[in-house]
Amino acid sequence: MTELILSLDVLDKTEACAIAKSCAPYIDAIKVGYPLVLATGLSIVRDLADLGLPLIADFKVADIPNTNRLICEAVFSAGFDAVIAHGFVGPDAARTCVEVAHSHGGAAYIVAEMSHPGATEFFHGGVAERIAELAVAVRADGIIAPATRPERIVRLREIIGKKTIYSPGVGAQGGDPDAVARLVDGIIVGRSIYAAEDPAAEAERLSRIRR
Ligand code: C5P
(Lines give C-alpha, C1' and ligand atoms only; values in the text may rest on other atoms or scores of the structure.)
Protein backbone atom coordinates (compact mmCIF):
# COMPACT_ATOMS: atom_id res chain seq x y z
CA MET A 1 0.00 0.00 0.00
CA THR A 2 1.49 3.32 -1.04
CA GLU A 3 1.72 5.73 1.85
CA LEU A 4 0.14 9.17 1.83
CA ILE A 5 2.38 11.82 3.40
CA LEU A 6 0.96 15.24 4.19
CA SER A 7 3.35 18.10 3.44
CA LEU A 8 2.24 20.59 6.08
CA ASP A 9 3.55 23.83 4.59
CA VAL A 10 1.21 26.19 6.41
CA LEU A 11 2.43 29.05 8.57
CA ASP A 12 0.00 29.17 11.44
CA LYS A 13 0.34 26.78 14.36
CA THR A 14 -3.38 26.49 15.12
CA GLU A 15 -4.19 25.91 11.46
CA ALA A 16 -1.38 23.39 11.08
CA CYS A 17 -2.52 21.39 14.08
CA ALA A 18 -6.17 21.49 12.99
CA ILE A 19 -5.38 20.32 9.45
CA ALA A 20 -3.07 17.58 10.69
CA LYS A 21 -5.64 16.36 13.19
CA SER A 22 -8.49 16.28 10.66
CA CYS A 23 -6.33 14.45 8.08
CA ALA A 24 -4.71 12.04 10.54
CA PRO A 25 -7.08 9.11 9.89
CA TYR A 26 -6.17 9.14 6.18
CA ILE A 27 -2.42 9.81 6.17
CA ASP A 28 0.65 7.77 7.10
CA ALA A 29 3.11 10.53 8.01
CA ILE A 30 3.52 14.30 8.16
CA LYS A 31 6.34 16.15 6.42
CA VAL A 32 7.37 19.39 8.12
CA GLY A 33 9.68 21.83 6.40
CA TYR A 34 11.18 25.27 6.80
CA PRO A 35 7.93 27.22 6.26
CA LEU A 36 6.18 25.74 9.29
CA VAL A 37 9.21 25.47 11.58
CA LEU A 38 10.44 29.00 10.81
CA ALA A 39 6.96 30.38 11.40
CA THR A 40 6.11 28.50 14.58
CA GLY A 41 9.38 27.21 16.03
CA LEU A 42 10.57 23.68 16.64
CA SER A 43 7.96 23.20 19.35
CA ILE A 44 5.51 22.40 16.55
CA VAL A 45 7.07 18.93 16.55
CA ARG A 46 5.79 18.27 20.06
CA ASP A 47 2.33 19.56 19.12
CA LEU A 48 2.12 17.25 16.11
CA ALA A 49 3.63 14.28 17.93
CA ASP A 50 0.37 13.86 19.85
CA LEU A 51 -1.20 12.52 16.65
CA GLY A 52 1.07 9.47 16.76
CA LEU A 53 2.16 9.76 13.11
CA PRO A 54 5.80 9.68 11.92
CA LEU A 55 7.18 13.18 11.44
CA ILE A 56 9.61 13.79 8.58
CA ALA A 57 11.90 16.84 8.70
CA ASP A 58 12.20 18.20 5.17
CA PHE A 59 15.20 20.42 5.77
CA LYS A 60 17.02 19.22 2.63
CA VAL A 61 20.19 19.20 4.69
CA ALA A 62 23.12 20.21 2.47
CA ASP A 63 26.24 21.20 4.36
CA ILE A 64 29.64 19.89 5.37
CA PRO A 65 29.63 16.71 7.46
CA ASN A 66 30.07 18.42 10.82
CA THR A 67 27.28 20.91 10.21
CA ASN A 68 25.04 18.16 8.83
CA ARG A 69 25.67 16.23 12.03
CA LEU A 70 24.72 19.21 14.21
CA ILE A 71 21.55 19.82 12.17
CA CYS A 72 20.48 16.18 12.23
CA GLU A 73 21.16 15.82 15.95
CA ALA A 74 18.88 18.81 16.52
CA VAL A 75 16.24 17.31 14.20
CA PHE A 76 16.07 14.00 16.04
CA SER A 77 16.41 15.56 19.50
CA ALA A 78 13.36 17.67 18.65
CA GLY A 79 11.35 14.50 18.10
CA PHE A 80 11.39 13.98 14.34
CA ASP A 81 11.43 10.40 13.05
CA ALA A 82 13.15 11.03 9.73
CA VAL A 83 15.15 13.63 7.87
CA ILE A 84 15.45 14.57 4.20
CA ALA A 85 18.96 15.49 3.06
CA HIS A 86 20.59 16.44 -0.22
CA GLY A 87 23.00 14.05 -1.88
CA PHE A 88 24.84 16.47 -4.18
CA VAL A 89 27.04 17.45 -1.23
CA GLY A 90 28.82 14.11 -1.58
CA PRO A 91 29.04 10.81 0.27
CA ASP A 92 30.73 12.00 3.47
CA ALA A 93 28.16 14.73 4.12
CA ALA A 94 25.17 12.57 3.16
CA ARG A 95 26.49 9.59 5.16
CA THR A 96 26.64 11.76 8.27
CA CYS A 97 22.89 12.41 8.01
CA VAL A 98 22.21 8.70 7.63
CA GLU A 99 24.44 7.79 10.57
CA VAL A 100 22.83 10.34 12.88
CA ALA A 101 19.36 9.23 11.80
CA HIS A 102 20.14 5.58 12.44
CA SER A 103 21.80 6.31 15.78
CA HIS A 104 18.43 7.75 16.87
CA GLY A 105 16.45 4.85 15.41
CA GLY A 106 15.25 7.15 12.63
CA ALA A 107 15.47 7.27 8.85
CA ALA A 108 17.20 9.45 6.27
CA TYR A 109 16.05 10.05 2.72
CA ILE A 110 18.23 11.58 0.03
CA VAL A 111 16.84 13.97 -2.59
CA ALA A 112 17.76 12.34 -5.90
CA GLU A 113 15.84 14.73 -8.14
CA MET A 114 13.51 17.61 -7.39
CA SER A 115 10.05 18.02 -8.84
CA HIS A 116 9.92 21.59 -10.15
CA PRO A 117 10.61 22.49 -13.82
CA GLY A 118 14.00 24.09 -13.14
CA ALA A 119 15.28 20.91 -11.50
CA THR A 120 16.11 19.49 -14.92
CA GLU A 121 18.87 22.09 -15.35
CA PHE A 122 21.26 20.32 -13.00
CA PHE A 123 19.67 17.00 -11.96
CA HIS A 124 19.38 15.65 -15.52
CA GLY A 125 22.30 14.36 -17.55
CA GLY A 126 23.23 11.65 -15.08
CA VAL A 127 23.41 13.60 -11.82
CA ALA A 128 20.19 12.22 -10.31
CA GLU A 129 21.32 8.69 -11.18
CA ARG A 130 24.64 9.28 -9.43
CA ILE A 131 22.87 10.66 -6.37
CA ALA A 132 20.64 7.58 -6.29
CA GLU A 133 23.79 5.42 -6.40
CA LEU A 134 25.20 7.52 -3.57
CA ALA A 135 22.01 6.96 -1.54
CA VAL A 136 22.57 3.21 -1.86
CA ALA A 137 26.28 3.53 -1.00
CA VAL A 138 25.67 5.56 2.17
CA ARG A 139 22.86 3.20 3.25
CA ALA A 140 20.13 5.80 3.14
CA ASP A 141 16.64 4.49 3.75
CA GLY A 142 15.45 5.80 0.43
CA ILE A 143 15.26 8.68 -1.99
CA ILE A 144 12.99 11.55 -2.93
CA ALA A 145 12.01 11.46 -6.62
CA PRO A 146 9.67 13.66 -8.67
CA ALA A 147 5.99 12.80 -9.10
CA THR A 148 6.04 15.27 -11.97
CA ARG A 149 8.25 12.89 -14.01
CA PRO A 150 7.11 9.26 -13.57
CA GLU A 151 9.64 8.08 -16.16
CA ARG A 152 12.41 9.40 -13.94
CA ILE A 153 11.00 7.49 -10.98
CA VAL A 154 11.17 4.31 -13.07
CA ARG A 155 14.79 5.03 -13.97
CA LEU A 156 15.79 5.81 -10.37
CA ARG A 157 13.98 2.69 -9.13
CA GLU A 158 16.32 0.62 -11.33
CA ILE A 159 19.22 1.99 -9.31
CA ILE A 160 17.88 1.85 -5.78
CA GLY A 161 15.94 -1.42 -5.99
CA LYS A 162 13.68 -1.99 -3.01
CA LYS A 163 14.67 1.10 -1.06
CA THR A 164 11.90 3.54 -0.31
CA ILE A 165 10.87 6.18 -2.83
CA TYR A 166 8.87 9.12 -1.53
CA SER A 167 7.53 11.33 -4.26
CA PRO A 168 6.41 14.97 -4.03
CA GLY A 169 4.83 16.93 -6.85
CA VAL A 170 1.36 15.39 -6.92
CA GLY A 171 -1.52 17.77 -7.52
CA ALA A 172 -0.42 21.41 -7.31
CA GLN A 173 2.78 20.75 -9.30
CA GLY A 174 0.92 18.63 -11.85
CA GLY A 175 1.83 15.07 -10.83
CA ASP A 176 -0.91 12.49 -11.31
CA PRO A 177 -1.42 10.40 -8.16
CA ASP A 178 -2.85 7.48 -10.14
CA ALA A 179 0.22 7.28 -12.35
CA VAL A 180 2.71 7.73 -9.54
CA ALA A 181 1.23 5.75 -6.65
CA ARG A 182 2.03 2.37 -8.19
CA LEU A 183 5.68 3.36 -8.75
CA VAL A 184 6.58 4.62 -5.29
CA ASP A 185 6.31 3.79 -1.61
CA GLY A 186 4.71 7.08 -0.68
CA ILE A 187 3.27 10.17 -2.31
CA ILE A 188 3.93 13.51 -0.63
CA VAL A 189 1.04 15.95 -1.02
CA GLY A 190 0.92 19.52 0.23
CA ARG A 191 -1.27 22.19 -1.31
CA SER A 192 -3.83 19.80 -2.80
CA ILE A 193 -4.68 18.79 0.75
CA TYR A 194 -3.95 21.74 3.04
CA ALA A 195 -5.32 24.39 0.65
CA ALA A 196 -8.46 22.40 -0.14
CA GLU A 197 -11.78 23.63 1.14
CA ASP A 198 -12.02 20.39 3.10
CA PRO A 199 -8.49 19.03 3.70
CA ALA A 200 -9.72 15.87 5.40
CA ALA A 201 -12.01 15.05 2.47
CA GLU A 202 -9.14 15.52 0.01
CA ALA A 203 -6.84 13.36 2.13
CA GLU A 204 -9.53 10.71 2.29
CA ARG A 205 -9.95 10.85 -1.50
CA LEU A 206 -6.20 10.48 -2.06
CA SER A 207 -6.01 7.68 0.47
CA ARG A 208 -8.53 5.74 -1.63
CA ILE A 209 -6.78 6.09 -5.01
CA ARG A 210 -3.30 5.22 -3.79
CA ARG A 211 -2.26 1.64 -4.52
O1 C5P B 1 2.23 21.74 -2.27
P2 C5P B 1 2.99 20.61 -2.91
O3 C5P B 1 2.19 19.32 -2.94
O4 C5P B 1 3.58 20.95 -4.23
O5 C5P B 1 4.21 20.35 -1.87
C6 C5P B 1 5.29 19.51 -2.16
C7 C5P B 1 6.24 19.52 -1.00
O8 C5P B 1 7.34 18.65 -1.28
C9 C5P B 1 6.86 20.86 -0.68
O10 C5P B 1 7.09 20.91 0.72
C11 C5P B 1 8.18 20.84 -1.41
O12 C5P B 1 9.14 21.67 -0.78
C13 C5P B 1 8.57 19.39 -1.26
N14 C5P B 1 9.47 18.84 -2.26
C15 C5P B 1 9.22 18.89 -3.62
N16 C5P B 1 10.11 18.34 -4.51
C17 C5P B 1 11.21 17.73 -4.06
C18 C5P B 1 11.48 17.65 -2.70
C19 C5P B 1 10.56 18.22 -1.82
O20 C5P B 1 8.17 19.41 -4.03
N21 C5P B 1 12.03 17.12 -4.90
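- Under the annotation held in an unreviewed UniProt entry, the chain carries the name Orotidine 5'-phosphate decarboxylase and is attributed to Methanoculleus thermophilus.
- In its Function (unreviewed entry) section, the UniProt entry covering the chain states "Catalyzes the decarboxylation of orotidine 5'-monophosphate (OMP) to uridine 5'-monophosphate (UMP)."
- The Sequence similarities (unreviewed entry) comment attached to the chain in UniProt states, word for word, "Belongs to the OMP decarboxylase family. Type 1 subfamily."

Overview of the UniProt feature "active site" (unreviewed entry) in the chain
(1) Moving on: According to UniProt, the feature "active site" (unreviewed entry) maps to Asp 58, Lys 60 and Asp 63 in the numbering used here. The annotated residues that sit in the lining of the largest pocket are Asp 58 and Lys 60.
(2) Moving on: Looking at the secondary structure, you find Asp 58 in strand β3 (residues 55-61).
(3) Moving on: Those residues in contact with Asp 58, other than ones at most four positions away along the chain, are Lys 31, Val 32, Gly 33, Tyr 34 and Ile 84.
(4) Moving on: A polar contact is formed between the side chain of Asp 58 and the side chain of Lys 31, at a distance of 2.6 Å.

Considering the side chain of Ser 7
(1) Moving on: Topologically, Ser 7 is positioned in strand β1 (residues 3-7).
(2) Moving on: Judged by its relative accessible area of 4%, Ser 7 falls in the buried class.
(3) Moving on: Among the polar contacts listed, one links the side chain of Ser 7 to the side chain of Lys 31, at a separation of 3.2 Å.
(4) Moving on: Beyond its immediate chain neighbours, meaning those up to four positions away, Ser 7 contacts Lys 31, Ile 188, Val 189, Gly 190 and Tyr 194.

What counts and how
Residues numbered from 1 in each chain as written. Predicted model: local features only at pLDDT ≥ 70, side-chain atom pairs only at ≥ 80, totals over all residues. Heavy atoms only, no water. UniProt positions renumbered as here; feature names shortened; annotations may be inferred. 1 Å grid on protein atoms, 1.4 Å probe; cavity = no way out; pocket = protein on both sides within 12 Å on 5 of 7 lines; lining within 4 Å. Helix = DSSP H or I, 4+ residues; strand = E, 2+ residues; numbered from the N terminus. Contact = heavy atoms within 4.5 Å. Polar contact = N/O pair within 3.5 Å; in protein donor to acceptor, adjacent residues only side chain to side chain. Buried < 20%, exposed > 50% of the residue type's maximum accessible area, 1.4 Å probe, protein only.

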